[in-house]
Amino acid sequence: MNKHLRIIVGTTLCLLMALSLPAQGAKEQASEQKLTPISMWYGALMTEAGPPPADWVVYDIVRDKLGIELTLTALPSSEDDQDVKVQAAGAANNLPDVFMVRRTPWLRLVKQGVIADVDDMYPLMPKRTAEMYTPGSRAYTTYNGKSYGLASPGAIIKNEGVVIRKDWLDRLGLAEPKTTEEYLNVMRAFTFNDPDGNGKNDTYGYGAFLEINPLEEGLGRRLDPFFGAFGVAGTWNMSKDNFGLNIRKPAYYDALAFVKQIVDERLIDPNWLSYRKDDFRAAWKQGRFGIMREQNGALAMEANYKPFDMNFPEGQWMVIDPPMGPEGKSSVGVYSVTYRITAVSAKAAKEGKKEAIARLFEWMSSDEGYYLLGWGVEGVNYTFDKDGIPTAEGIPDPEMAYTQPKGRPFIQLANLVYRYTDAELKATFPTYKTANGRSQSALDFLRDFQTRAWTEDTGADTLPLPNDDLKRFYEQGVAEFITGRRVLNQANWKAFVADFDRLGGKAWEDEARAYAQENGLLL
């Protein structure tokens, strides 16, 4: 081709390209306009891990296949902080399109009219509805005859337990504690007898933080084993012969006095009142305390256990029975069949986004969505074993396994797909080797936790809620007795309970009793 011809052809091509660009740009712009923006606040599978990366393949799939531009925001790790964030957004009518919410604030938001009913979404998600949304779960989010949330299996029951540093017991020549008095003696040794042998006064017998929800008494689940020793685990006694608020029962005073003794003797990590969940978990990984109540995955998943393992390769946590009280009672705490609520804001419904949200959730329950959200990318974060169960074995970069810190961000939305089948649990909690070559599995911890003594209170989370002033009075009052801001004696306690009743405590209990009887909740 001669020089002049090349110029003519080149010029012609440039003109054609120029003419085509507006049409191309218009096409792309039209395509972008078809995308439905969906904002989601999610509860992370593991709060210690970061969010999914910006180039996460899931973003591309939901954009290209579903026509959705997905924006994700992790809720705070603390349940109290979650409630504050969600309720503040509800009050300002600024909720995201779809969001995880605990039942207490959920009910308030429903009454405020800022959550949409989702009955028309179930038929749009046939596979997911069949697998996740049972009649029981739909009843869980039903208010005045309408379903106001997508309730999926919320948690594995009895997935927490009391654990102790076995290596500290062995170093000090101590036996596993059984009774409340034996617990005290071991906690004293762990606090004052240098159980880690570093020559420093830097250990405590017990570790905790305030983690309170409507099911647990005023100091929360981390201290519930001590209340269980006195037969008053949890907020409510759901038995038909002794129904009522545990705070109004004589044994509650005895339990409170026992916990106060632990605090007064400085046997508990003194930071327990200021710790958040992540602080608490960082503290036990740093070897600050020797007994605690912890969740199986947070304790023993390889990625979560690794910092402790690196700090203390000879360290070992062992499951023990919760303490037995003076009348032979014992309980890790309360348990109930629970559900995780994902709600759709009324604003999103008004903007016509329900269909797109249903499309997104149905995709999550497809094979593609299930494995991507639950285990990551096949060949990168997991492979399948001979039985078709996801495994961390055989991937090119072991650090990218779904069980490892680098792989965890890819499965932060797993709570939206997990159904807790046996195969799923084996994949979620695989066996691995600790630094000293010991085999360990979070599933083994789970199975052990579930064999220990627990107190059932199924239905307690559906009982009427106290008003904010009464709840605050209850929780602040208990904390003040524990910390010494109020003197704990029978006279002061009796006066506190009387004030509690005057503020509505007795009326709250009476209302709850009527509701429990009417709905067949008494055990």
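A quick note: this is a predicted structure, and the numbers were derived from the prediction, not measured.

**Q** Would you explain the nonpolar core in this entry?
**A** In summary, soluble globular proteins display a tendency toward joint burial of nonpolar side chains. In terms of nonpolar packing, the biggest core is built from 74 residues, with Met 40, Leu 70, Leu 360, Phe 361, Trp 363, Met 364 and Leu 373 touching the most fellow members. For this core, the leading source of residues is helix 15 (residues 354-364), giving seven residues. Once residues lying within four places of it in the same chain are set aside, the contact partners of Phe 361 are Met 40, Val 98, Met 125, Arg 128, Tyr 133, Leu 150, Thr 342 and Leu 416. The next biggest cluster of nonpolar side chains, apart from the first, holds 53 residues, and it includes Val 232, Met 238, Leu 267 and Ile 291.

**Q** Got a minute to help me understand the layout of surface pockets in this structure?
**A** To find leftover empty space, one rolls a probe the size of a water molecule over the atoms. Space inside the largest pocket adds up to approximately 740 Å³. Forming the boundary of the largest pocket are 29 residues, of which Asp 80, Val 84, Ile 212, Lys 471 and Glu 475 lie nearest the centre. For the lining of the largest pocket, the secondary-structure elements that each account for two or more residues are helix 3 (79-91), helix 4 (103-112) and helix 19 (468-483). Among the residues forming the lining of the largest pocket, the class breakdown is nine nonpolar, seven polar and 13 charged. Looking at the second largest pocket, its volume works out to about 270 Å³. For the lining of the second largest pocket, the leading source of residues is helix 6 (residues 135-140), giving three residues. Classifying every residue of the lining of the second largest pocket gives six nonpolar, seven polar and two charged.

**Q** Quick question: what am I supposed to make of the sheet that holds strand 12 (residues 317-320) here?
**A** Whenever strands of a sheet pair, they do so through backbone hydrogen bonds, lying parallel or antiparallel. Spatially, 8-11-7-12 is the arrangement adopted by the four strands of the open sheet, whose pairing is mixed. Only two strands of the sheet have a single neighbouring strand rather than two, namely strand 8 (204-206) and strand 12. Strand-to-strand, the axes of this sheet are offset by a mean angle of 35 degrees, without reference to chain direction. Sheet analysis places strand 7 (residues 160-165) next to strand 11 (residues 289-295), joined by five bridges and oriented antiparallel. From the neighbouring strand, Val 162 faces strand 11, where its bridge partner is Arg 293. Contacting strand 11 and strand 12, helix 11 (residues 277-285) crosses the sheet at an angle of about 135 degrees to strand 11.

**Q** Can you walk me through unusual backbone geometry in this structure?
**A** Trans peptide bonds make up the majority, and among non-glycine residues the majority have a negative phi. Residue Asn 93 is not a glycine yet carries a positive backbone phi of 50 degrees. The residue Asn 93 is located in the loop between helix 3 and strand 3 (98-101) in this model. In this structure, Lys 158 is a non-glycine residue whose phi angle is positive, near 55 degrees. Among the secondary structure elements, Lys 158 is positioned in the loop between strand 6 (150-153) and strand 7.

Parameters and conventions
- Residues numbered from 1 in each chain as written.
- Predicted model: local features only at pLDDT ≥ 70, side-chain atom pairs only at ≥ 80, totals over all residues.
- Heavy atoms only, no water.
- Core = buried A, V, L, I, M, F, W, Y, C linked by side-chain atoms within 4.5 Å.
- Buried < 20%, exposed > 50% of the residue type's maximum accessible area, 1.4 Å probe, protein only.
- Helix = DSSP H or I, 4+ residues; strand = E, 2+ residues; numbered from the N terminus.
- Contact = heavy atoms within 4.5 Å.
- 1 Å grid on protein atoms, 1.4 Å probe; cavity = no way out; pocket = protein on both sides within 12 Å on 5 of 7 lines; lining within 4 Å.
- Points joined across faces, edges and corners; volume = space filled by probe spheres on them.
- Nonpolar A, V, L, I, M, F, W, Y, C, P; charged D, E, K, R; others polar.
- Pairing = 2+ DSSP bridges.
- Axes fitted to C-alpha atoms, helices over the stretch in contact; angles between N-to-C directions.

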